[in-house]
Amino acid sequence: MIVITLGSERIVDPTDDDLGRDRIGYSPTMSPLALYDASHGAWHLGERAHREHFALMTFDGVGVLAVEINHIAPVAATSGSREGSRRSVIHGQVLAAGHPVYDAYIGKPAPIPPQRNPIGYYDAPEEQTPCLCGCGETTPAGKDFIPGHDQTALHDRVRQIGTVQDFIGWFDRTHGNWPDINVIYEPVRLEDGTPSGESARQRHRLGCGHFYLDSSGKILNTPRIATAEEMASLKPCKTCKDASAKAALAR
Ligand SMILES: [Zn+2]
Ligand SMILES: [Zn+2]
């Protein structure tokens, strides 16, 4: 959770403000949306901010606004701003009573002690998920595993096959090793190129030509990179496999 310490409401010149606002900070008279506008940017946010799911605005040591983060975007510096703005704005959903994060933090003491930097972080229990290794402990925000547990989980599985060499041999026999066959051509209706809603059946090599063209020669299927799930579940296209094997021999 990003914990942001707000100051009192301040009138600012919209031409000087990175987000073009006329006021920033906190006032008890602001509606939740007005407070969101006045407080969701523009902040110097570290790497960690991008792993957090929630932002909590605090004023005078009390939680005043809870936001479920959708994404964090850099803001373009305004002409009047002092620095080549490396600031970001938090985009998200303002939470209301009944949401566990709202209920746990709004009107309650801030979860971290006062500090000089307006941006702080808190490992909120609401953001922790069970470690995917199955150990029963909870992970830090935005992580699938407790540090190191991914390695343990992986090597537990390698040991069930044998050595690392045995494991690689088994993987290649069962799944095939085609990391460069990683493109999905989105299934479309051939009449008009609109998505058919079906899921893709194969993955391809980029530029393999296994897409459809309309009468003017425009590509109908939009290519995109396969997700990790698709890399694991979709078969590689046979022709693409041969092309990939040839390319590997040529190397
Ligand atoms: Zn674990
Ligand atoms: Zn193909």
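The structure this text deals with has already been given above.
Here we summarise the structure given alongside this text. (Residues numbered from 1 in each chain as written. Chains lettered and ligands numbered in written order. Predicted model: local features only at pLDDT ≥ 70, side-chain atom pairs only at ≥ 80, totals over all residues. Heavy atoms only, no water.)

**Here's the deal with the overall build of the protein**
- Scanning the protein from N- to C-terminus turns up six helices and 11 strands.
- Taking 251 residues into account, the globule formula puts the C-alpha radius of gyration at 18 Å, and the protein, at 25 Å, lies well above it.
- By its C-alpha atoms, the protein is 65 × 55 × 35 Å across when sized along the principal axes.
- For the protein, buried positions account for 33% of its 251 residues.
- Summarising the internal contacts of the protein: among those between residues at least 6 apart in sequence, 55% fall at separations of at least 24. (Helix = DSSP H or I, 4+ residues; strand = E, 2+ residues; numbered from the N terminus. Rg over C-alpha atoms; globule rule 2.2 N^0.38 Å. Buried < 20%, exposed > 50% of the residue type's maximum accessible area, 1.4 Å probe, protein only. Contact = heavy atoms within 4.5 Å.)

**Observations regarding the coordination of the zinc ion (ligand 2)**
- Bound to the zinc ion (ligand 2) are the protein donor atoms His204 (ND1), His210 (ND1), Cys237 (SG) and Cys240 (SG), situated 1.8 to 2.6 Å from the metal.
- Seen from the zinc ion (ligand 2), its four donor atoms lie at angles of 92 to 124°, and the figure they make is tetrahedral.
- Mapping the donors of the zinc ion (ligand 2) onto the primary sequence gives the spacing H-x5-H-x26-C-x2-C. Taken together, the residues span a long stretch of sequence, with histidine 210 in the loop between strand E9 (202-203) and strand E10 (223-225) and cysteine 237 in the loop between strand E11 (235-236) and helix H6 (238-250) at a distance of 27 residues.
- A residue is classified by how much of its surface remains accessible, and histidine 210, at 33% relative accessible area, is partly exposed.
- For cysteine 237, a relative accessible area of 4% puts it in the buried group. (Donors = N, O, S within 2.8 Å, 3.2 Å for Na, K, Ca; no water. Tetrahedral: all angles 85-135°; square planar, octahedral: opposite > 155°, others 65-115°.)

**Re the coordination of the zinc ion (ligand 1)**
- Every protein donor of the zinc ion (ligand 1) is listed here as Cys131 (SG), Cys133 (SG), Cys135 (SG) and His149 (ND1), and their distances to the metal cover 2.0 to 2.4 Å.
- Because the angles between the four donor atoms bound to the zinc ion (ligand 1) fall within 103 to 115°, the donor set is best described as tetrahedral.

**A short note on the nonpolar core**
- Ile2, Ile4, Leu6, Leu45, Met57 and Ile90 are the most contacted members of the largest nonpolar core, which has 20 residues in total.
- In terms of residue count, strand E5 (residues 62-74) provides more of this core than any other element does, five residues in total.
- Each residue touching isoleucine 4, except ones within four places of it in the same chain, is listed here: Trp43, Leu56, Met57, Thr58, Ile90, Pro118 and Ile119.
- Listed in part, the 11 residues of the second largest apolar core include Val101, Tyr105, Ile112 and Ala124. (Core = buried A, V, L, I, M, F, W, Y, C linked by side-chain atoms within 4.5 Å.)

**Regarding the packing of aromatic side chains**
- By the definition in use, this model includes four aromatic pairs.
- Here the aromatic rings of phenylalanine 167 and tryptophan 170 are separated by 5.6 Å at their centres, their planes lie at 45°, and the arrangement is tilted. Residue phenylalanine 167 and its partner tryptophan 170 are both found in helix H4 (residues 164-174); the two are separated by three residues, about one turn of the helix. (Phe/Tyr/Trp six-rings, centres within 6.5 Å; stacked < 30°, edge-to-face > 60°.)

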